[in-house]
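Each chain, letter by letter, is given below.
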Amino acid sequence: DVKVTQSSRYLVKRTGEKVFLECVQDMDHENMFWYRQDPGLGLRLIYFSYDVKMKEKGDIPEGYSVSREKKERFSLILESASTNQTSMYLCASSLGGRPLHNYGYTFGSGTRLTVV
Amino acid sequence: KNQVEQSPQSLIILEGKNCTLQCNYTVSPFSNLRWYKQDTGRGPVSLTIMTFSENTKSNGRYTATLDADTKQSSLHITASQLSDSASYICVVSAQAGTALIFGKGTTLSVSS
């Protein structure tokens, strides 16, 4: 069964900590995405990547960075966590290069991050 | 501006009843429309995907319809079960876009 795996279901971090959220997909997908999901706001795109070492900003990149050193792995980094980054974080991947045709779009199970 | 609006925001129905969720979009040029089911605390799971030429797509008790002329879609759930309790998200892809446009979802609660 094809999968997008996020390393942690739940995380609690302190304000100011550097936080790494890891995502791995086993479908050989070119595209990978990071979203955050908040009540009443829906899913919002933080960053995406359409190839190894490539990244592009989404709608809300401030306070975040990403790393894609290997095709199957896409990491989201919170350089200095703040309480307003408490959220559900979802990773996704899809087939295709550019433009992003989004075929085979698959989500991970999510990481619930709480910053205290 | 590309937008996806879903209604109702929330819905409560009795087990065994049918229900219909609505999705209106202003995305242009349109590529495809998807419905996702998201259980509480989990990631979204795809139910159906429809392109411009498709009017109806079924997945078990879930049937999605698409009217590309009026830019409306609906998701019909037949003989609801307790396990249908979830958030249902409508997502539209533009032909020239770099990302999907998400609706805010409809929260369905099925009670016994």
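Residues numbered from 1 in each chain as written. Chains lettered and ligands numbered in written order. Predicted model: local features only at pLDDT ≥ 70, side-chain atom pairs only at ≥ 80, totals over all residues. Heavy atoms only, no water.

Section: unusual backbone geometry
Backbone torsion omega between S7 of chain B and P8 of chain B reads -10°, so that peptide bond is classified as cis. Considering the arrangement of structural elements, one finds P8 of chain B in the loop between β1 (4-7) and β2 (10-14). A cis amide bond links S28 of chain B to the next residue, P29 of chain B, at an omega of -10°. Among the structural elements, P29 of chain B can be located in the loop between β3 (19-25) and β4 (30-38). Phi at D28 of chain A is positive, roughly 60°, even though this residue is not glycine. Here D28 of chain A shows up in the loop between β3 (19-25) and β4 (31-38). A positive phi is found at A79 of chain B, a non-glycine position, where the angle reads about 45°. In this structure, A79 of chain B sits in the loop between β8 (72-77) and β9 (86-94). (Helix = DSSP H or I, 4+ residues; strand = E, 2+ residues; numbered from the N terminus.)

Remarks on the pairing of β3 of chain A
If a strand is regular, its side chains alternate between the two faces of the sheet. Residues and elements named next belong to chain A. The alternating pattern of β3 places V19, L21, C23 and Q25 on a buried face, while none of F20, E22 and V24, on the opposite face, is buried. Relative to β3, strand β1 (residues 4-6) runs antiparallel, the two being bridged by three bridges. When the sheet's bridge partners are listed, T5 is paired in β3 with V24. Relative to strand β8 (residues 73-78), β3 runs antiparallel, the two sharing six bridges. Opposite V24, over in β8, you have R73 as the bridge partner. (Buried < 20%, exposed > 50% of the residue type's maximum accessible area, 1.4 Å probe, protein only. Pairing = 2+ DSSP bridges.)

Quick notes on the sheet that holds β8 of chain A
Residue and element names in this part refer to chain A. Read from one edge to the other, the open sheet built from four strands follows the order β1-β3-β8-β7, with strand pairing classed as antiparallel. Both edges of this open sheet fall to β1 and β7 (64-70), since each of them pairs with a single strand only. Across this sheet, the average inter-strand angle for adjacent strands is 20°, counted without regard to direction. (Axes fitted to C-alpha atoms, helices over the stretch in contact; angles between N-to-C directions.)

Remarks on the state of the cysteines
Residues and elements named next belong to chain A. The full count for this structure, using the stated rule, is two disulfides over all chains. A disulfide bridge connects C23 with C91, and the sulfur atoms are separated by 1.9 Å. Here C23 and C91 share a disulfide; its torsion about the S-S bond, -75°, makes the bridge left-handed. One end of the pair, C23, is in strand β3; the other, C91, is in strand β9 (residues 87-94), and 68 residues separate them in sequence. (Disulfide = S-S within 2.5 Å.)

Observations regarding the layout of surface pockets
Computed from the structure, the largest pocket encloses a volume of approximately 1200 Å³. Around the largest pocket sit 42 residues that line it, and L41, G42 and L43 of chain A together with G103 and K104 of chain B are the ones nearest its centre. Counting residues per element, the ones that place at least two in the lining of the largest pocket are β4 and β5 (42-49) of chain A together with β1, β9, β10 (100-102) and β11 (106-111) of chain B. Looking at side-chain class alone, the lining of the largest pocket contains 15 nonpolar, 18 polar and nine charged residues. In this model, the second largest pocket occupies a volume close to 340 Å³. Lining the second largest pocket we find 20 residues, and of these V4, F107, G108 and S109 of chain A together with V45 of chain B sit closest to its centre. The set of elements that each furnish at least two residues to the lining of the second largest pocket consists of β1 and β10 (106-107) of chain A together with β4 and β5 (45-51) of chain B. (1 Å grid on protein atoms, 1.4 Å probe; cavity = no way out; pocket = protein on both sides within 12 Å on 5 of 7 lines; lining within 4 Å. Points joined across faces, edges and corners; volume = space filled by probe spheres on them. Nonpolar A, V, L, I, M, F, W, Y, C, P; charged D, E, K, R; others polar.)

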